[in-house]
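Listed below, chain by chain, are the residues.
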Amino acid sequence: MRFRISELRQLISEALRKAYEILGVSPDASAEQIKKAYREKAIALHPDRNAGKDTGADMVKLNVAYGLLSDPDKRRRYDLMGDKTLGDAGGG
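Residues numbered from 1 in each chain as written. Predicted model: local features only at pLDDT ≥ 70, side-chain atom pairs only at ≥ 80, totals over all residues. Heavy atoms only, no water.

### Remarks on the environment of Gly 56
Cut-off, in case you're wondering: The secondary structure listing takes helices from DSSP runs of H or I that are at least 4 residues long and strands from runs of E that are at least 2 residues long, numbered from the N terminus. Accessibility here uses a 1.4 Å probe with only protein chains present; expressed as a share of the type maximum, an area under 20% marks a residue as buried, one over 50% as exposed, and anything in between as partly exposed.
Relative to the helices and strands, Gly 56 is located in helix α4 (residues 56-69). For Gly 56, a relative accessible area of 17% translates into the label buried.

And the structure:
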């Protein structure tokens, strides 16, 4: 699936604001819990398992949230400052 830049920026921004919610884990989740939640959701949203359904936007948000929370440094900054610490990545 292809997204316009404005759509992609909006999806990324939402994922950055709601990273824990998107993965379905609490802020005190372990790295292993985050990884497990990501894998379960990625399998559930995968296009091969969802023929005829548009799961592209959800996959983008899931991948952004996981990329943020799976990196210890990014997660620490996010936990301290929220999405504001990540600069202009969210697009406003």
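Structure shown, so let's carry the discussion forward.
### What about the pattern of salt bridges?
When the charged atoms of two side chains lie near each other, side chains of opposite charge can form a pair. Formally: Salt bridges are identified by distance alone: a Lys or Arg side-chain nitrogen within 4 Å of an Asp or Glu carboxyl oxygen.
Inspection of the entire model under this criterion finds six salt bridges. The shortest N-O distance in the salt bridge between Lys 18 and Glu 14 comes to 3.9 Å. On the accessibility criterion, Lys 18 (32% relative accessible area) is partly exposed. Residue Asp 58 is joined to Lys 61 by a salt bridge in which the shortest nitrogen-to-oxygen separation is 3.8 Å. Here Asp 58 and its partner Lys 61 are both found in helix α4, three residues apart, which amounts to about one turn of the helix. Bridged by salt links that share partners, the residues Glu 14, Lys 18, Asp 58 and Lys 61 form one connected network.

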